Amino acid sequence: HEFRTPLSNIGLAVSMLSKKHTELKDNQLVEVIRRENKKLLQEVERVLHLAKVENGDYALEKEQLSVEHLLQTAVDSLVMPIAERQANVSLEDIPHDLYIWGDKQHLTSVFCNLLDNALKYTKERPLIHISAKTDEQGVIVAIQDNGIGIPSHQREIIFEKFQRIHQGDQHSAKGFGLGLAYVKRMIELHKGFVRVSSEENRGSKFEVYLPTVL
């Protein structure tokens, strides 16, 4: 909370400054401040959400959700980084009448995290394929990428807090290693699970299972 307040104030100050001085509206340095401030706020929110989950004081607001709409919303929210990387993101094989019960805000964040990782951990032009299918009493959403992959000795720890994929002594992308920890705990709150299959330099496939009943 001590980090969130000053970061929120910085974001507000940048917006007010841009409105007061119209010549700064498209200023690249102002945009850098705005973008990096937003990233820090997102990381702070992840920490706060994880803390609430681990303390058992968070209640999901479940409703019936269209899987197709949920995934499209996640893709739409990342339209800028998708464009920057010239990524090809395809939504295929997703039935129009496929529904789950869940918290819209947090499930959208879950898929945003997975898509963001697919964009960040890809050296070439990202090719991301998203699909969904029914499985017994639930739905499995799969996100396949053509990224750097995950070394076998790291696959067991990537869902732990503050763990990130790295090669040699260098981390492959910026971040605090909270995204996948958030994904795992939030999916478990929905009585589901997340799993990954991957090969180094041949991409990764994350599968999220979510029940279709309360």
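For the structure itself, consult the block above.
Below or above, wherever it landed, is the structure these notes cover. (Residues numbered from 1 in each chain as written. Predicted model: local features only at pLDDT ≥ 70, side-chain atom pairs only at ≥ 80, totals over all residues. Heavy atoms only, no water.)

Digging into the sheet that holds strand β2 (residues 88–91)
Right, so step 1: Spatial strand order, β2-β4-β5-β9-β8: five strands in an open sheet with mixed pairing. Of all the strands in the sheet, just β2 and β8 (193–198) have a single pairing partner and so form its edges. Mean inter-strand twist for the sheet, computed between neighbouring axes without regard to direction, equals 15°.
Right, so step 2: The pairing of β8 with strand β9 (residues 204–211) spans six bridges and is antiparallel. From the neighbouring strand, V194 faces β9, where its bridge partner is V208.
Right, so step 3: Along the sheet, helix α5 (residues 104–120) contacts β4 (127–135), β5 (138–144) and β9; its crossing angle with β9, the most-contacted strand, is approximately 175°. (Pairing = 2+ DSSP bridges. Helix = DSSP H or I, 4+ residues; strand = E, 2+ residues; numbered from the N terminus. Axes fitted to C-alpha atoms, helices over the stretch in contact; angles between N-to-C directions. Contact = heavy atoms within 4.5 Å.)

A look at the pattern of salt bridges
Right, so step 1: Per the stated rule, a full pass over the model turns up seven salt bridges.
Right, so step 2: When the shortest N-O distance is used, the salt bridge between R34 and E31 registers 2.9 Å. Of this pair, R34 and E31 both sit in helix α2 (residues 28–55), three residues apart, which is roughly one turn of the helix.
Right, so step 3: Ionic pairing is found between R35 and E36, a salt bridge with its closest N-O pair at 3.6 Å.
Right, so step 4: Residue classification places E36 among the partly exposed residues on the basis of a relative accessible area of 33%.
Right, so step 5: Through salt bridges with shared partners, one network takes in R195, K205 and E207. (Salt bridge = Lys/Arg side-chain N within 4 Å of Asp/Glu carboxyl O. Buried < 20%, exposed > 50% of the residue type's maximum accessible area, 1.4 Å probe, protein only.)

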